[in-house]
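Chains, contacts and geometry: an overview
So the chains spell out like this:
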Amino acid sequence: MPLHQQVYDGYREAILRGDLRPGQRIPSSRELASEIQISRFPVLHAYAQLLAEGYFESQVGSGTFISAKLPEEMMSSARNANGREAALSGRRTVSRRTMLYPHFEWDAHLRGWGAFGVHQPAFDQFPFQIWSSLVSRHSRNPHASAIHNINPLGSERFRQEICAYLRTSRAVKCDPAQIMVVSGSQQALDITARVLLDPGDSVLVEEPGYVLEKTLLAASGCRLKLVPVDNEGMNVTHGVRLYRGAKAAFVTPSHHYPLGSTMSAARRLLLLNWAQTSGAWIIEDDYDSEYRFDTRPIASLQGLDVNSRVIYIGTFSKILFPSLRIGYIVIPRDLVDHFMSVRFAMDIFPPYLYQEVLADFMSLGLFGQHIRKMRQVYNTRRSTLIDCLQTEFGDKLHVHGAAAGMHVTVTLPDGFDDHAIAARAARDRLWLLPLTPTYAGWKPRNGFVLGFGSTANEQIPPAVKRMRSIIFG
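For the structure given in this document, a descriptive report is provided here. (Residues numbered from 1 in each chain as written. Predicted model: local features only at pLDDT ≥ 70, side-chain atom pairs only at ≥ 80, totals over all residues. Heavy atoms only, no water.)

In this section: the overall build of the protein. Looking only at helices and strands, the protein features 15 helices and 15 strands. With respect to the principal axes defined by its C-alpha atoms, the protein has extents near 80 × 60 × 50 Å. A total of 473 residues make up the protein; the buried ones form 50% of that total. Counting every atom, the protein has about 23,300 Å² of accessible surface; 52% of that belongs to carbon and sulfur. Positive and negative side-chain charges in the protein, numbering 51 and 44 respectively, have mean positions lying 1 Å apart. (Helix = DSSP H or I, 4+ residues; strand = E, 2+ residues; numbered from the N terminus. Buried < 20%, exposed > 50% of the residue type's maximum accessible area, 1.4 Å probe, protein only. Areas by Shrake-Rupley, 256 points an atom, 1.4 Å probe, with all protein chains shown as cover. Lys, Arg positive; Asp, Glu negative; His and termini not counted. Charge placed at Lys NZ, Arg CZ, Asp CG, Glu CD.)

Put into structure tokens, the structure is as follows:
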């Protein structure tokens, strides 16, 4: 086949398969000819034909691009000439473990940006100009040691800053050699489960509780033992009495998700005593303890532990912004080598750039300054939300967890369907996160988790009025 025809066919088929998308820039004829080592003339001939047929478009001074006018429905790598899904032959087996994960489906209509969106901080209050200058500085002049720092624990300078912060703010007992930097609390939970648990092990989890934690543990082959949560946190007496052989307990003692309760001192000591006497582990997820409004932040459970039975997990996503994807684990000294072995096999070590930026952000005092500022902002928004809920709903809704964090939870009377209400609210751009999915076995309660971090104070009253109209008509 002539060379120009080969080039033409290659591009045309790639466009129709969807491998090349509308608006995508393609190499110049000179670049392509040099790359595939042929004369430029066949390439020019093929490009001219593709331009004539409308597959390419040329923009003076910018180059040649895949035409933006091509209909998307004609471009798909998975469809045959009839527009149907192509049949794939042969067995296509996947692991049994994969089937333990629930089907991933991004519920876009329930997860938009705006009023009551959960896990959405106030981006307009973040010092992006300062942050950008720090990112630029480390991108332009990176330290050679940071670029070549293949350490599963992460940057030592960053770990020193984390350690200093945890000692003073969270009463965590640690040194930098015990801290592992990870890509958020989900990876922290995954590594911890791989190190401490075997398939078939029983673990205590909060009910209701964090859905992705339960998903991860179930997919690891663990047997979930659901322990109810009340105003004092996990009911430890109930859990240890019914499930004596459990290997670990996963808890959010400072601010339970989603109900917002704080584990009492008596239950904390009882849980620590159970872990010591039974040889079990406690995994403390301290996901948003920085924001407590009526009292000082509650000290960590790990700080009470005298037998190194607690693995402490924290994240910067709630404080700064979610896409940062940086968290950490505080590991008992005798387990550090085991955690490093698992981490090295998973992804070797964490990316360095944002570690260096965050180390500067903390050492310059900007991190603490941002937390203090946001504590005031969120306190104002929280108070407004609670007052508006009381005004609009009275005793028709029960508010939970208003003392801390970036969300409150409300429970509905019997007879309501939180999923259906959330879907209706989303059409009105209110993002009500249903409460029922956080339950795995006990009788679920209908309600919503309402974030207030990203909602401006003046937007809260009208949003609550719209919420009332949607729920009660």
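That covers the picture; the talk isn't over yet.
Looking now at the packing of helix 2 (residues 29–36) against helix 3 (residues 40–52). Two numbers describe how helix 2 lies on helix 3: the axes approach to 9 Å, and their chain directions differ by 130°. Classed by the angle they form, the pair helix 2 and helix 3 counts as oblique. Handedness of the helix 2/helix 3 crossing: right-handed. From helix 2, S29, R30, L32 and A33 reach across to helix 3, where they touch R40, V43, L44 and Y47. For the contact of helix 2 with helix 3, a count of residues per class yields 5 nonpolar, 1 polar and 2 charged. (Axes fitted to C-alpha atoms, helices over the stretch in contact; angles between N-to-C directions. Parallel < 35°, antiparallel > 145°, perpendicular 65-115°, else oblique. Left-handed = near helix turned anticlockwise from the far one by under 90°. Contact = heavy atoms within 4.5 Å. Nonpolar A, V, L, I, M, F, W, Y, C, P; charged D, E, K, R; others polar.)

Let's shift gears to helix 10 (residues 265–278). With 14 residues, helix 10 extends 20 Å between its outermost C-alpha atoms, agreeing within 8% with the 20 Å of an ideal straight helix rising 1.5 Å per residue. Burial in helix 10 covers these residues: R267, R268, L271, L272, W274 and A275. Each buried residue of helix 10 lies within a common arc of 155° when the element is viewed along its axis, so the set occupies one face. Turned more than 90 degrees away from the buried face of helix 10, the exposed residues are A265, A266, L269 and T277. Once helix 10 ends, the next one or two residues include G279, with phi positive near 70°. (Expected span 1.5 Å × (residues − 1). Arc of directions from axis to C-beta.)

Within the fold, S289 resides in the loop between strand 9 (281–285) and strand 10 (310–315). Here D286 takes part through its side chain, which lies 3.0 Å from a polar atom of the side chain of S289. For S289, the contacting residues outside a window of four places in its chain are R170, S254 and P297. (Polar contact = N/O pair within 3.5 Å; in protein donor to acceptor, adjacent residues only side chain to side chain.)

Take unusual backbone geometry next. A cis amide bond, omega 5°, links E207 with the succeeding residue P208. One can find P208 in the loop between strand 5 (202–207) and helix 8 (211–219). A positive phi angle is found at H119, which is not glycine, with a value near 65°. Turning to its location among the elements, H119 is positioned in the loop between strand 3 (63–66) and helix 4 (128–140).

Now for the sheet that holds strand 2 (residues 56–59). An order of 1-3-2 is seen for the 3 strands of this open sheet, with the pairing classed as antiparallel. With one partner strand each, in any of the chains shown, strand 1 (25–26) and strand 2 form the two edges of the open sheet. By the bridge criterion, 2 bridges tie strand 1 to strand 3 in an arrangement that is antiparallel. Counted as the bridge partner of R25 is F65 from strand 3. (Pairing = 2+ DSSP bridges.)

Here we take up a nonpolar patch on the surface. A contiguous nonpolar patch, built from I150, F344 and I348 and spanning about 270 Å² of accessible area, is present on the exposed surface. For I348, a relative accessible area of 36% puts it in the partly exposed group. (Patch = residues over 30% accessible without salt bridge, like charges linked within 9 Å, V, L, I, M, F, W, Y side chains within 5 Å. Salt bridge = Lys/Arg side-chain N within 4 Å of Asp/Glu carboxyl O.)

Moving on to the pattern of salt bridges. Throughout the structure, instances matching the rule amount to 13 salt bridges. The partner of D360 in a salt bridge is R157, with the nearest N and O atoms 2.9 Å apart. Highlighted residues: D360 in helix 12 (residues 353–363) and R157 in helix 6 (residues 156–169), separated in sequence by 203 residues. Its relative accessible area of 7% is what places D360 among the buried residues. On the basis of relative accessibility, which here comes to 30%, the residue R157 falls in the partly exposed class. Note that D201 is salt-bridged to K247, the shortest N-O span being 3.3 Å. Separated by 46 residues along the polypeptide, D201 in the loop between helix 7 (185–196) and strand 5 and K247 in the loop between helix 9 (236–242) and strand 8 (248–251) bring together distant segments of the chain. The buried category is assigned to D201, whose relative accessible area is 10%.

Before going further, it helps to examine the packing of aromatic side chains. Counting across every chain of the model gives 20 aromatic pairs. Considering the side-chain rings of Y257 and Y287, the 6.1 Å spacing of their centres and the 90° angle between planes classify their relative orientation as edge-to-face. Placement of the pair is Y257 in the loop between strand 8 and helix 10 and Y287 in the loop between strand 9 and strand 10, with a sequence separation of 30 residues. An identical accessibility class is assigned to Y257 and Y287; each is buried. The positively charged end of R309 is found above the aromatic ring belonging to W281, 4.9 Å away from the centroid. Its end group placed over the ring of F472, K396 keeps NZ or CZ at 5.1 Å from the ring centre. (Phe/Tyr/Trp six-rings, centres within 6.5 Å; stacked < 30°, edge-to-face > 60°. Lys NZ or Arg CZ within 6 Å of the ring centre and 35° of its normal.)

Let's shift gears to the nonpolar core. Counting residues in each nonpolar core, the largest one holds 61 residues, and the members touching the most others are F116, F316, L320, L389 and M467. Looking at which element gives the most residues to this core, the answer is helix 13 (residues 366–393), with 10 residues. Beyond its immediate sequence surroundings of up to four residues, M467 is in contact with F116, L389, F393, L397, V410, L430, L432 and L450. Residues A193, V203, A248 and I331 belong to the second largest nonpolar core, which totals 27 residues. (Core = buried A, V, L, I, M, F, W, Y, C linked by side-chain atoms within 4.5 Å.)

Hydrogen bonds between backbone groups are what pair the strands of a sheet, and the pairing can be parallel or antiparallel. Ordered by their spatial adjacency, 8 strands build an open sheet running 4-11-10-9-8-5-6-7, and the pairing between neighbours is mixed. Each edge of the open sheet carries a strand with a single partner, namely strand 4 (179–182) and strand 7 (233–234). Judged from the 4 bridges that link them, strand 10 and strand 11 (residues 327–330) form a sheet pairing that is antiparallel. Paired with T315 across the strands is G327, a residue of strand 11. Sheet strands in contact with helix 7 are strand 4, strand 8, strand 9, strand 10 and strand 11, and its direction is about 160° off that of strand 10. Strands strand 4, strand 10 and strand 11 of the sheet are contacted by helix 11 (residues 336–347), whose axis makes an angle of about 20° with strand 4.

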